[in-house]
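Listed below, chain by chain, are the residues.
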Number of protein chains: 2
Amino acid sequence: MAELRWANEMLQQAGLRITAPRVTVLRVLAERPHAAADTIIGAVRSDIGAVSTQAVYNVLQVCTDAGIVRRIQPAGSPARYELRVRDNHHHLVCRSCGTVGDVDCAAGEAPCLEPSERLGFDVDEAEVVFWGICPDCAPPVREEETV
Amino acid sequence: MAELRWANEMLQQAGLRITAPRVTVLRVLAERPHAAADTIIGAVRSDIGAVSTQAVYNVLQVCTDAGIVRRIQPAGSPARYELRVRDNHHHLVCRSCGTVGDVDCAAGEAPCLEPSERLGFDVDEAEVVFWGICPDCAPPVREEETV
DNA sequence: CCGAGAAACTTGACTGATTCCAGAAATGGT
DNA sequence: ACCATTTCTGGAATCAGTCAAGTTTCTCGG
């Protein structure tokens, strides 16, 4: 079970207490990147039994604040969470089903882009969301018809 | 009043019926770009009297669908609406007060950026949000909570 | 080993933003 | 002006998430 201890270490290094809900949330996120709170709650419950909804929201909140979890909120979908947090990568979101995919940031460090005008803002991050249709939602075209 | 008729024309060209709520919502948006539904409802009411909340939401919905209004939904803030819709420009959002500013897209046509990997998605838009602190919320000023 | 204080969890009410619904009113083509 | 269609009204309902109060659990000094 030593290989399952990474979650404990993540929490420890972030200065957070190690508790069953926390460890489980992190493990769930490792398995299902971009899961919504809803999904996470379900997975945590089927993993360790009863856990309050609030507890999971608390865990997500403290982990996000501690910088070990990243929250993404694509328009029209509930918040999603992921563990990839160091690299400032971006996301592909399906307009039809909401599926989220990761794309590496082409430009390296944050903010990876510069606004053309700054309007006096002190910009620290450029968040990029690529909108499109995922392979599963693609219109049913026959393979022969490759226009 | 001929110069106030642009709203009617916009609706007409979009194939939408001309009604007081619609015309007023468009005028409000012209004056206050990036307004939230809340703000729009207030402004419409002080303009033409009683209008149901639902009516405004309907107007925003049909206009967005018709492509004459654009909806933006920065994380942690209610949806905002704007009339700039042809050019695919981007936004600056203040982490503190939520103020939104426009920035022209440096790269021209949509999608102005290309994801480094496509994962099979058919990408049609790259949405960029620059996060930062606006001049009004900049540090040197004393922290007078207005959240 | 014990107890105090802090941190985390549970429960349940509550909020804000938005949508759904059914009926009444307004719009625009003939 | 008439009528079918579209839009607006009012109110209930939903969804995602937050708040607050009370209880349990952990951690650490004595």
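The shown structure was predicted, so the numbers you read here are calculated from the model rather than taken from an experiment. Residue positions within a chain follow its written sequence, with the count starting from 1. The naming scheme follows written order: chains are lettered A onward, ligands numbered 1 onward. Whole-chain, interface and lining totals are the exception, using all residues; otherwise, since this is a predicted model, local features are given only for residues with pLDDT of at least 70 and side-chain atom pairs are given and counted only at 80 or more. Side-chain calculation: all heavy atoms of the structure are included, whereas hydrogens and water are not.

Draft legend 1. Up close: the sheet that holds strand β2 (residues 70–72) of chain B. All names here are of chain B. Ordered in space as β1-β3-β2, the three strands form an open sheet in which the pairing is antiparallel. Edge positions in the sheet fall to β1 (35–36) and β2, since each of these pairs with one other strand and no more. When DSSP finds two or more bridges between a pair of strands, those strands are recorded as paired. Secondary structure elements follow DSSP: runs of H or I of four or more residues count as helices, runs of E of two or more count as strands, with numbering from the N terminus. Bridge count between β2 and strand β3 (residues 80–82): three bridges; the pairing is antiparallel. Among the inter-strand pairings, R70 is bridged to a residue of β3, identified as E82.

Draft legend 2. Structural view of unusual backbone geometry. At L119 of chain A, a position not held by glycine, the phi torsion is positive, near 50°. Among the structural elements, L119 of chain A can be located in the loop between β5 (100–103) and β6 (122–133). At H34 of chain B, a residue that is not glycine, the phi angle is positive and equals roughly 70°. Position of H34 of chain B among the secondary structure elements: in the loop between α2 (20–31) and β1.

Draft legend 3. Molecular detail of the protein's contact with DNA strand C. Here a residue is near a molecule or strand as soon as one of its heavy atoms is found within 4 Å of it. Neighbouring DNA strand C are 16 residues, the closest being T19, R22 and S52 of chain A together with Q54 and Y57 of chain B. Counting of polar contacts relies on pairs of N or O atoms within 3.5 Å, with two restrictions inside protein: one atom must be capable of donating a hydrogen and the other of accepting it, and residues adjacent in sequence are counted only when both atoms are side-chain atoms. Here a phosphate oxygen of DNA strand C sits 2.9 Å away from a polar atom, N or O, in the side chain of Y57 of chain B. Only α2 (20–31) and α4 (53–66) of chain A together with α4 (53–66) of chain B provide two or more residues apiece to the surface near DNA strand C. When residues are sorted by character, Ala, Val, Leu, Ile, Met, Phe, Trp, Tyr, Cys and Pro go into the nonpolar class, Asp, Glu, Lys and Arg into the charged class, and all the rest, Gly among them, into the polar class. Class assignment of the residues belonging to the surface near DNA strand C gives a composition of nine nonpolar, four polar and three charged.

Draft legend 4. Region of the structure containing the relation of the copies chain B and chain A. Laying chain B over chain A is done by rotating through 179° and shifting 0.1 Å along the axis; what remains is an RMSD of 0.1 Å. Here the symmetry operator amounts to a two-fold rotation axis. Taking C-alpha positions as reference, the residue of chain B nearest the rotation axis is V128 of chain B, located at 2.3 Å. Residue contacts are defined here by distance: any two heavy atoms, one from each residue, within 4.5 Å place the two residues in contact. In this assembly the copies share their binding face: 100% of the residues contributing to the interface of chain B also contribute to that of chain A. When the copies are overlaid, the least-squares fit takes in C-alpha atoms only where the residue has pLDDT of at least 70 in both copies.

Draft legend 5. Examining the confidence of the model for chain A more closely. Within chain A, residue pLDDT values average 89, and 88% of them lie at 70 or more. Confidence, read as mean pLDDT per element, is least for β6 of chain A in chain A (92) and greatest for strand β3 (residues 80–82) of chain A (98). A residue's pLDDT is the confidence the predictor assigns to it, expressed on a 0 to 100 scale.

Draft legend 6. Spatial organisation of the protein's contact with DNA strand D. If you check the shell around DNA strand D, you find 15 residues, and the closest are Q54 and Y57 of chain A together with T19, R22 and S52 of chain B. Across the atoms of DNA strand D situated within 4 Å of the protein, the share located in sugar and phosphate is 65%. Y57 of chain A places a side-chain nitrogen or oxygen 3.0 Å from a phosphate oxygen of DNA strand D. One of the side-chain nitrogen or oxygen atoms of T19 of chain B is found 2.9 Å away from a phosphate oxygen of DNA strand D. Residue assignment for the surface near DNA strand D shows that the elements contributing at least two residues are α4 of chain A together with α2 and α4 of chain B. Split by residue class, the surface near DNA strand D holds eight nonpolar, four polar and three charged.

Draft legend 7. Geometry of the side chain of E127 of chain B. Locating E127 of chain B in the fold gives a position in strand β6 (residues 122–133). The buried label applies to any residue whose accessible area, calculated with a 1.4 Å probe on protein chains only, is under 20% of its type's maximum; exposed applies above 50%, and partly exposed to all values in between. Only four residue types enter the charge count: Lys and Arg as positive, Asp and Glu as negative, with His and the chain ends excluded. The salt bridge definition used is simple: a Lys or Arg side-chain nitrogen within 4 Å of an Asp or Glu carboxyl oxygen. Although E127 of chain B is buried, it forms no salt bridge, and the closest oppositely charged side chain is R70 of chain B at an N-O distance of 5.8 Å. Side-chain polar atoms of E127 of chain B contact the side chain of W131 of chain A, separated by 2.6 Å. Ignoring any residue separated from it by four or fewer positions in sequence, one finds E127 of chain B in contact with E127, V128, V129 and W131 of chain A.

Draft legend 8. Quick peek at the interface of chain B and chain A. Listed by partner, the interface residues are 35 residues for chain B and 35 residues for chain A. The buried area of a pairing is the accessible area, by a 1.4 Å probe, that goes missing from both parts when the two are put together, added over both. Taking both partners together, chain B and chain A bury about 2900 Å²; carbon and sulfur atoms supply 58% of that area. Summed over the shared surface of chain B and chain A, the number is four salt bridges. With its nearest N and O atoms 2.7 Å apart, the salt bridge here joins R95 of chain B to E125 of chain A. Scanning the region where chain B abuts chain A turns up 15 residue pairs in polar contact (both at pLDDT 80 or more). The set of elements that each furnish at least two residues to the side of chain B that touches chain A consists of β4 (90–94), β5 (100–103) and β6 of chain B. The greatest single-element share of the side of chain B that touches chain A, amounting to 12 residues, is contributed by β6 of chain B.

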